[in-house]
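Structural features, examined
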Amino acid sequence: DVVLTQTPPTLSATIGQSVSISCRSSQSLLDSDGDTYLNWLLQRPGQSPQLLIYSVSNLESGVPNRFSGSGSETDFTLKISGVEAEDLGVYYCMQATHAPLTFGSGTKLEIK
Amino acid sequence: EVKLVESGGGLVQPGRSLKLSCAASGFSFNDYWMGWVRQAPGKGLEWIGEINQDSSTINYTPSLKDKFTISRDNAQNTLYLQMSKLGSEDTAIYYCARVDYGYWGQGVMVTVSS
């Protein structure tokens, strides 16, 4: 199975600060169809996960543009440009290039 | 509005079976792959599996393939997860999701305990 390693495991930020979360894959996530199926999700406390970014860098409809994704092959980054209070929660990367689909272990964002 | 509503959870004894349902509305259910994901208390997300539009392809995470069965009824816009031989390790919140992962249900808790 593909292992996704997220760093850091926890992150503490002030409102307005920009932060980045890394997701490294044990295998290239570039699919034979040319797409890279690496998504980012946010799970707020007590809620279901919410899709933020799909296919590395595509912003899901309704998601604020302070969220952005980048990367390729095995190294990916989620950036939040100007953290807001509602951004607290656990961020997960997930890959759907290789079966079975796998998730990273999560990065917990706390607001100082 | 897209809605996914899970039901059927609760307390179940070890070794028993349980069937979860996920009622879908607000989109053309029979046009989408659907899937199940679970989350043990205080832990991360674990993919269970997925089913295609006409049930001809069903994929599972290998460790759960012999215990869990995913099915769907397109006439009823409902996704199912049949779970058997349940153990304490299966205690979790179970989510259904449309397989673009843009839509998730609210989750249903399954507790396996005597």
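If you're wondering where the values come from, they're calculated on a predicted model, not measured in any experiment.

**Thoughts on the pattern of salt bridges**
Residues and elements named next belong to chain A.
- By the definition in use, this model includes nine salt bridges over all chains.
- Note that arginine 24 and aspartate 75 form a salt bridge whose closest N and O atoms lie 3.4 Å from each other. Of this pair, arginine 24 sits in strand S3 (residues 19-25) while aspartate 75 sits in strand S8 (residues 75-80); the two residues are 51 residues apart in sequence, bridging distant segments of the chain.
- Residue classification places aspartate 75 among the partly exposed positions, given a relative accessible area of 38%.

**Things to note about the pairing of strand S9 (residues 89-95) of chain A**
Residue and element names in this part refer to chain A.
- Among the seven residues that make up S9, six are buried, leaving the element largely enclosed by the rest of the structure.
- Bridge count for strand S4 (residues 38-43) against S9 is six bridges, and the pairing is antiparallel. Residue pairing across strands places tryptophan 40 opposite cysteine 93, the latter belonging to S9.
- Pairing analysis gives three bridges linking S9 to strand S11 (residues 107-111), with the strands arranged antiparallel. Looking across to S11, one finds that glycine 89 is bridged to leucine 109.
- Note that S9 and strand S10 (residues 102-103) share two bridges and pair antiparallel. When the sheet's bridge partners are listed, methionine 94 is paired in S10 with phenylalanine 103.
- Once S9 ends, the chain turns through six residues before running back antiparallel as S10.

**A short note on the interface of chain B and chain A**
- Contacts between the two partners involve 17 residues from chain B, matched on the other side by twelve residues from chain A.
- With both chains or domains summed, chain B and chain A bury close to 1,100 Å², and 66% of this area falls on carbon and sulfur atoms.
- Considering only the surface of chain B that becomes buried against chain A, Leu45(B), Trp47(B) and Tyr101(B) emerge as the three largest contributors, covering 47% of it.
- Counting across the chain B and chain A interface gives zero salt bridges.

Cut-offs and rules
- Residues numbered from 1 in each chain as written.
- Chains lettered and ligands numbered in written order.
- Predicted model: local features only at pLDDT ≥ 70, side-chain atom pairs only at ≥ 80, totals over all residues.
- Heavy atoms only, no water.
- Salt bridge = Lys/Arg side-chain N within 4 Å of Asp/Glu carboxyl O.
- Helix = DSSP H or I, 4+ residues; strand = E, 2+ residues; numbered from the N terminus.
- Buried < 20%, exposed > 50% of the residue type's maximum accessible area, 1.4 Å probe, protein only.
- Pairing = 2+ DSSP bridges.
- Contact = heavy atoms within 4.5 Å.
- Buried area = accessible area lost by both parts, 1.4 Å probe.

So yeah, pure geometry; function would need other evidence.
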